[in-house]
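Here's the letter readout for the chains.
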Amino acid sequence: MRPDMRALTHLLPYGYATSQAQMILQMDYYDPARHTVSPKLVLANNTVVEPSAVVHIPDPVKPTRHLFRADFNLPAGTTSSRVRIDSTTNSVIHVPFVQDVQLNSY
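Residues numbered from 1 in each chain as written. Predicted model: local features only at pLDDT ≥ 70, side-chain atom pairs only at ≥ 80, totals over all residues. Heavy atoms only, no water.

Remarks on unusual backbone geometry
- Although it is not a glycine, Tyr29 sits at a positive phi angle of roughly 55°.
- With respect to the helices and strands, the residue Tyr29 is situated in the loop between strand S2 (12-28) and strand S3 (35-43). (Helix = DSSP H or I, 4+ residues; strand = E, 2+ residues; numbered from the N terminus.)

Listed below in structure tokens is the structure:
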């Protein structure tokens, strides 16, 4: 097993042109001392877009669950993208997983 992980969706059409998007990512069995997560978007031309801001919110009820909200500034006229989630662990025994992901475009 590897200490790094990458998840990539298929191309998701927005239905209109936009320059802003937001990803809501919920990770379970996530331990900030052991793991990292890096949400990204991949455009139709394979350009990787890093978030302009990421907010990390630990779940108040379940300590192993964490929500990440990532805001993206996209090139004007963007009509689709793929979600890419990169993460790492310092132990192949302790591996987080993506519980759900939501992509919003504005």
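Here the narrative resumes, following the displayed structure.
Here we look at the packing of aromatic side chains
- The full count for this structure, using the stated rule, is two aromatic pairs.
- Between Tyr29 and Phe97, the aromatic rings sit 5.9 Å apart at their centres with planes inclined by 35°, giving tilted as the arrangement. Taken together, the positions of Tyr29 in the loop between S2 and S3 and Phe97 in strand S7 (residues 97-105) put the pair 68 residues apart, joining distant regions of the chain.
- Phe97 gets classed as partly exposed once you look at its relative accessible area, which sits at 39%.
- When the centroid spacing of 5.2 Å and the interplanar angle of 75° are considered together, the rings of Tyr30 and Phe68 count as edge-to-face. Of this pair, Tyr30 sits in the loop between S2 and S3 while Phe68 sits in strand S6 (residues 66-89), and the two are 38 residues apart along the sequence. (Phe/Tyr/Trp six-rings, centres within 6.5 Å; stacked < 30°, edge-to-face > 60°. Buried < 20%, exposed > 50% of the residue type's maximum accessible area, 1.4 Å probe, protein only.)

Some remarks on the pattern of salt bridges
- This structure, assessed with the given rule, holds eight salt bridges.
- Residue Glu50 is joined to Lys40 by a salt bridge in which the shortest nitrogen-to-oxygen separation is 3.5 Å. Of the two residues, Glu50 is situated in the loop between strand S4 (48-49) and strand S5 (53-58) and Lys40 in strand S3; the sequence distance between them amounts to 10 residues.
- Under the relative-accessibility criterion, Glu50 is labelled partly exposed at 46%.
- We note a salt bridge from Lys40 to Asp86, for which the minimum N-O separation is 3.2 Å. (Salt bridge = Lys/Arg side-chain N within 4 Å of Asp/Glu carboxyl O.)

Section: the side chain of His35
- Relative to the assigned elements, His35 resides in strand S3.
- On the basis of relative accessible area, His35 is assigned to the buried category, the value being 3%.
- If near-sequence neighbours (up to four positions away) are discounted, His35 is found in contact with Tyr29, Tyr30, Thr88, Thr89, His94, Val95 and Pro96. (Contact = heavy atoms within 4.5 Å.)

Remarks on the pairing of S6
- Judged from the five bridges that link them, strand S1 (residues 4-8) and S6 form a sheet pairing that is antiparallel. Residue Ala7 lies in a different strand from S6, and its bridge partner there is Ile85.
- Relative to S6, S2 runs antiparallel, the two sharing 11 bridges. Looking at S6, one finds that Pro13 is bridged to Ser80.
- With nine bridges joining them, S3 and S6 adopt antiparallel strand pairing. Paired with Val37 across the two strands is Ser87, which belongs to S6.
- Strand direction decides the pairing type here: S5 and S6, joined by six bridges, are antiparallel. The residue bridging Ile57 from the neighbouring strand is Leu67, located in S6. (Pairing = 2+ DSSP bridges.)

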